[in-house]
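One letter stands for each residue in the lines below.
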Protein chains: 2
Amino acid sequence: MATILILGAGVMGSALAVPGADNGNDVLLAGTPLDAAAVSRMKTAGGVHPKLDHPLPGRVTPLAEDELTGAHVEAADVIVVGVSSPGIPWAVEKLNTLMTRERPVAFVTKGLDRVGPSLTTLAESLRPQLPKMKTFIGIGGPCIARELANRNPTASVYASADGQSAAKAFAALMATEYYRLSTTDDVTGVEACAALKNFYAIGVAAMQTRYPDATRPDGQSKNPTAAAFTQAALEMARLCERFGGRRDTAFDLAGIGDLHVTVGGGRNSRLGHGLGLGRTVSDMMAGELAGETVEGIDTARMLSAWLEPAPGLAALERARFPLALAIIDAVLRDEPFAFDFGGLTVS
Amino acid sequence: MATILILGAGVMGSALAVPGADNGNDVLLAGTPLDAAAVSRMKTAGGVHPKLDHPLPGRVTPLAEDELTGAHVEAADVIVVGVSSPGIPWAVEKLNTLMTRERPVAFVTKGLDRVGPSLTTLAESLRPQLPKMKTFIGIGGPCIARELANRNPTASVYASADGQSAAKAFAALMATEYYRLSTTDDVTGVEACAALKNFYAIGVAAMQTRYPDATRPDGQSKNPTAAAFTQAALEMARLCERFGGRRDTAFDLAGIGDLHVTVGGGRNSRLGHGLGLGRTVSDMMAGELAGETVEGIDTARMLSAWLEPAPGLAALERARFPLALAIIDAVLRDEPFAFDFGGLTVS
């Protein structure tokens, strides 16, 4: 039994509290300023997080932002950062203010960061910002938060570069009959895939609507989507290696597993459905996606400079990353998604 | 321009005639005795194959079983066997009767065969039966026949063990803007995956119905299916290597691509949906699947002896192939599908 501190009481942070508590740990669930309403609702008897279906287990203690103290951080054996990308500066500041001894920190947050002309994962760019972080633990895999909180079977992967020991120790605290965990030392690969899957989900989802089939209940033809899903997996594997991760990681839970779930629903997939119908990104973002964060768009911006370095090189990359470049073109030039299916594979 | 002879005027044989003819080849489409009605319908002006939406291109010549002569076979530069497994003996006999010179033969038909205590793919077991077959070409990838015939974008892979040359030559005859072909020399891997994906689709589809989510339009939760899809891919890769094929082939069109399409619809997936709801194989086969061939069931029978050799070994295999063994248990013991999700991945 341990004490787990989760920073961020959004849907994912709150959902992770469920297996943590079911496993007999004490879970402190600290909200950001944006989580104030959710936290105060969860503090009432039987109160349910606005994005979840049931109250959290009794072992979970919700904390408002101003209630989180150094004593809570001191008590924690492991800290989980469960915020979305815009919440990272808040979490970094909290940790640097309140942490007095080194502790492993696990991140649900995913993204890429620019380092000069190159790209890196949050695993790399956060390390120097958090001097008291003992080990960075990456969390990947197909996990819709509400389903995890409902104790639907969910498989995830925890990654740490210390020969997996921090990942294994944290997994031992979190694994339940319904929350199955594998571990890896390929932090870079897990983090890269977790960011890339949002991006590729846009392109795969576009194929779901681009070639309709009226004879099917969902109105979608299947061959183009399956081909694009496979192409996305192959390109993720190539990019994963370019980041310094392992190819196999793309073909596991953090890669194809998470891509599968992300194509199945969410904002990136909704954007893709619009693109497949011939709409533009700006049109979608001014319409039904107004005010929403579509993470795959940020990833597209990050990837573009990396994949289109010079005209000559760009042609080469176009052959290796046709789907990535089609998504980048649609996002950055705001043109209709013009994926040349003929470039998908070549004989 | 070449002449392509397709044996079998079922839905897949007929669909392959479309890119073949669109590419400027003459296509001879020879029906089995079971295709008599379809062939005679296609022979009438504007006649449409009963399982397709449009007439075939003018360059396609449908032939009834008794019209196929040695001259047709002699004229063919390449022969495609487009029958389903039960039609293989018919195709073998036709070819051995009518072939006078060596020719490459491409197979859509997929399956596994017993060779003593071991298993092999059709690529291996057909070779000695067809002395005039110059090269065996395997066809894999996510291809719903009707969608290909409707010229929806479709990606497939052609495989031949002669350093890909026969596969490349045949792909050059068949590839169009909508039918994209890659090639490989991993015939064994493509054939193994093509058989295995039917089998694994049963297990993945079972997860779609096993954990319902009433808040979604399709009523399905997503985490369990994505986890099972990933597990199926990993197990396919392991089995692919055991057959003598390459791991990567499972993570490409013939593996995850075809699995994606097969889970999306068809008889194996319908069987899986029933299992996920707690029904048994015999119940389903006596009910809505009466009279249908569910290929994944045959594969389960083939795999069982291979994966459950001895009690001690079986425990070892159970850790490496938990999904395969759960499917085998349901199919061979006719018990409810009792996949222990806890065994899916372990920390």
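Residues numbered from 1 in each chain as written. Chains lettered and ligands numbered in written order. Predicted model: local features only at pLDDT ≥ 70, side-chain atom pairs only at ≥ 80, totals over all residues. Heavy atoms only, no water.

**A closer look at the nonpolar core**
Soluble globular proteins tend to bury their nonpolar side chains together.
Then, number 1: Counting residues in hydrophobic clusters, the biggest one holds 174 residues, and the most contacted among them are A:Tyr200 and B:Tyr200.
Then, number 2: Leaving out residues up to four positions away in the same chain, A:Tyr200 has contacts with A:Ala232, A:Glu235, A:Met236, A:Leu239, A:Leu259, A:Phe321, A:Leu323, A:Ala324 and A:Ile327.
Then, number 3: Core analysis: the second largest hydrophobic core is formed by 36 residues, A:Ala106, A:Phe170, A:Ala171 and A:Leu181 among them. (Core = buried A, V, L, I, M, F, W, Y, C linked by side-chain atoms within 4.5 Å. Buried < 20%, exposed > 50% of the residue type's maximum accessible area, 1.4 Å probe, protein only. Contact = heavy atoms within 4.5 Å.)

**Quick look at the packing of helix H9 (residues 223-243) of chain A against helix H11 (residues 253-263) of chain A**
All names here are of chain A.
Then, number 1: Close contact between H9 and H11 brings their axes to 10 Å; oriented N to C, the two are set at 140°. The element H9 and its partner H11 pack so that their crossing is right-handed. Here Phe-229, Ala-232, Ala-233 and Met-236 of H9 lie close against H11, whose contacting residues are Gly-255, Ile-256, Leu-259 and His-260. (Axes fitted to C-alpha atoms, helices over the stretch in contact; angles between N-to-C directions. Helix = DSSP H or I, 4+ residues; strand = E, 2+ residues; numbered from the N terminus. Left-handed = near helix turned anticlockwise from the far one by under 90°.)

**Digging into helix H14 (residues 295-307) of chain A**
Then, number 1: End to end, H14(A) covers 18 Å across 13 residues, agreeing with the expected 18 Å (1.5 Å per residue, within 8%).
Then, number 2: Looking at H14(A), one finds that the buried residues are A:Gly296, A:Ile297, A:Thr299, A:Ala300, A:Met302, A:Leu303, A:Ser304, A:Trp306 and A:Leu307. (Expected span 1.5 Å × (residues − 1).)

**Let's talk about the sheet that holds strand S10 (residues 179-184) of chain B**
Residues and elements named next belong to chain B.
Then, number 1: The strand order S3-S2-S1-S4-S5-S8-S9-S10 describes an open sheet built from eight strands, whose pairing is mixed. Among the strands making up the open sheet, the edge pair consists of strand S3 (60-63) and S10. In this sheet, adjacent strand axes meet at a mean angle of 25° when their direction is disregarded.
Then, number 2: As paired elements, strand S4 (residues 78-81) and strand S5 (residues 103-107) share three bridges and run parallel to each other. Pairing of Val-80 across the sheet is with Ala-106, part of S5. (Pairing = 2+ DSSP bridges.)

**Re the pattern of salt bridges**
Then, number 1: Tallying each qualifying case throughout the model produces 44 salt bridges over all chains.
Then, number 2: In this structure, the salt-bridge partner of A:Arg59 is A:Asp26, at a minimum N-O distance of 3.3 Å. Of the two residues, A:Arg59 is situated in the loop between helix H2 (36-43) and strand S3 (60-63) and A:Asp26 in strand S2 (residues 26-30); the sequence distance between them amounts to 33 residues.
Then, number 3: A relative accessible area of 37% means that A:Arg59 is categorised as partly exposed.
Then, number 4: By relative accessible area, A:Asp26 is classed as partly exposed at 30%.
Then, number 5: Put simply, B:Glu147 and A:Arg216 hold a salt bridge, and the shortest N to O gap is 3.8 Å. With B:Glu147 in helix H6 (residues 145-149) and A:Arg216 in the loop between helix H8 (187-210) and H9, this pair bridges two chains.
Then, number 6: The network of salt bridges with shared partners includes A:Asp53, A:Arg146, A:Glu147, B:Asp213 and B:Arg216. (Salt bridge = Lys/Arg side-chain N within 4 Å of Asp/Glu carboxyl O.)

**Re the domain arrangement of chain A**
Residues and elements named next belong to chain A.
Then, number 1: The domains assigned to chain A are domain 1 (3-185) and domain 2 (188-343).
Then, number 2: Computed over C-alpha atoms only, the centres of domain 1 and domain 2 are separated by 27 Å.
Then, number 3: If you look at the interface, domain 1 gives 28 residues, while domain 2 gives 18 residues.
Then, number 4: Around 1800 Å² of area is buried between domain 1 and domain 2 when both sides are counted, 69% of it from carbon and sulfur atoms.
Then, number 5: Among the residues of domain 1 in contact with domain 2, Leu-112, Leu-119 and Pro-142 are the three that bury the most area, contributing 32% of the side total.
Then, number 6: For the salt bridge of Asp-185 with Arg-246, the shortest nitrogen-to-oxygen distance reads 3.1 Å.
Then, number 7: Between domain 1 and domain 2 we count four residue pairs in polar contact (both at pLDDT 80 or more) in total.
Then, number 8: Those elements that provide at least two residues to the side of domain 1 that touches domain 2 are strand S6 (112-115), strand S7 (118-121), helix H5 (122-126), strand S8 (133-140), strand S9 (154-159) and strand S10 (179-184).
Then, number 9: Residues belonging to the side of domain 1 that touches domain 2 are distributed by class as follows: twelve nonpolar, eleven polar and five charged. (Domains from an automatic or database assignment. Buried area = accessible area lost by both parts, 1.4 Å probe. Polar contact = N/O pair within 3.5 Å; in protein donor to acceptor, adjacent residues only side chain to side chain. Nonpolar A, V, L, I, M, F, W, Y, C, P; charged D, E, K, R; others polar.)

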